[in-house]
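Geometric and topological summary
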Amino acid sequence: MASSSKDNEPQPQPPTQAGGPIEDDVYFMAVALMFAKKSPDPNTKVGACIVNQEGNIVGIGYNKMPNGCEDKGLPWKRGRPKGLDKKYLYVCHAELNAIMNKTSMDVEGCTIYVTLYPCNECAKLIIQSGIKGVVYLSNKHKDYNETKAAVKLFRSAGIEPRQFLAKREVADFLASIDPFAE
Ligand SMILES: Nc1ccn([C@H]2C[C@H](O)[C@@H](COP(=O)(O)O)O2)c(=O)n1
Ligand SMILES: [Zn+2]
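For clarity, every value in this text was computed on a predicted model and none was experimentally measured.

Some details on the site of ligand 1
In the neighbourhood of ligand 1, 18 residues make up the surrounding shell, with D41, T44, R78, Y88 and E95 lying closest. Between ligand 1 and the protein, one listed contact pairs an oxygen atom with a side-chain N or O atom of Y88 at 2.6 Å. Between a nitrogen atom of ligand 1 and a side-chain N or O atom of E95, the distance comes to 2.6 Å. For ligand 1, the accessible surface in isolation is 460 Å², of which the surrounding protein chains cover 97%. The residue inventory of the shell around ligand 1, partitioned by class, reads 8 nonpolar, 5 polar and 5 charged.

See below:
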């Protein structure tokens with residue numbers, strides 16, 4: 001077959017890290033981290049990215065107030081006890097938003113990449129939605145009852161959350177993005 005001039009042009013390549021292809025884990029956690037940046041929570045910004053069995057992103061989310069309530073004076077105050085003037089009663093968690101924003105019929109068999117270990121309410125949502133894999137970055141709330149209950153829920157549902165440990169790789173990947181590169 002005759003070759004066209006396009007055959008000699010450099011073809012788009014998958015993103016690379018240190019010369020090799022970027023691992024899916026690194027790529028999807030980087031996406032979750034980028035979405036976390038959008039969170040208006042001044043203290044803890046959480047991002048989540050749902051990936052299907054074909055390796056396609058089918059949902060993303062970050063913690064924010066419910067749609068339309070963003071600038072309506074709901075508090076962003078944190079801390080315990082969790083009273084009416086604290087954010088906890090109002091904020092939609094990243095995992096909830098990622099599931100609600102799904103672009104596929106369902107998220108059965110998918111994996112969720114989330115920058116913070118899910119709480120008990122998100123664990124329920126994850127289990128009920130059929131998500132089978134959980135990859136998390138930080139576990140800074142591991143001593144909270146919400147997290148301890150989530151651990152129990154995942155255990156009884158047969159889901160084994162896995163901590164993402166390749167922090168350096170994800171940082172290098174994000175730093176390597178050059179929007180001016182041609
Ligand atoms: N799995 C989680 C856990 C928490 N969040 C959100 C809820 C709050 O906006 C924030 C936690 O606030 P902190 O007590 O650390 O100031 O993170 C979430 O989206 N997903
Ligand atoms: Zn949650």
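Next comes the rest of the account.
Considerations on the UniProt feature "domain: CMP/dCMP-type deaminase" (unreviewed entry) in the protein
The feature "domain: CMP/dCMP-type deaminase" (unreviewed entry), as annotated in UniProt, sits at residues 23-151 in this numbering. Structurally, residues 23-151 is divided into 29% helix and 18% strand, and its ends, taken at the C-alpha atoms, are 27 Å apart.

Points about the coordination of the zinc ion (ligand 2)
Here the zinc ion (ligand 2) is held by the protein donor atoms H93 (ND1), C119 (SG) and C122 (SG), which lie 2.0 to 2.2 Å from it. Sequence spacing among the residues donating to the zinc ion (ligand 2) works out to H-x25-C-x2-C. With H93 in the loop between strand 4 (57-62) and helix 2 (94-100) and C122 in helix 3 (residues 120-129), this pair connects stretches of sequence that are 29 residues apart. Given a relative accessible area of 29%, H93 falls into the partly exposed group.

The rules we used
- Residues numbered from 1 in each chain as written.
- Chains lettered and ligands numbered in written order.
- Predicted model: local features only at pLDDT ≥ 70, side-chain atom pairs only at ≥ 80, totals over all residues.
- Heavy atoms only, no water.
- Near = heavy atom within 4 Å.
- Polar contact = N/O pair within 3.5 Å; in protein donor to acceptor, adjacent residues only side chain to side chain.
- Areas by Shrake-Rupley, 256 points an atom, 1.4 Å probe, with all protein chains shown as cover.
- Nonpolar A, V, L, I, M, F, W, Y, C, P; charged D, E, K, R; others polar.
- UniProt positions renumbered as here; feature names shortened; annotations may be inferred.
- Helix = DSSP H or I, 4+ residues; strand = E, 2+ residues; numbered from the N terminus.
- Donors = N, O, S within 2.8 Å, 3.2 Å for Na, K, Ca; no water.
- Buried < 20%, exposed > 50% of the residue type's maximum accessible area, 1.4 Å probe, protein only.

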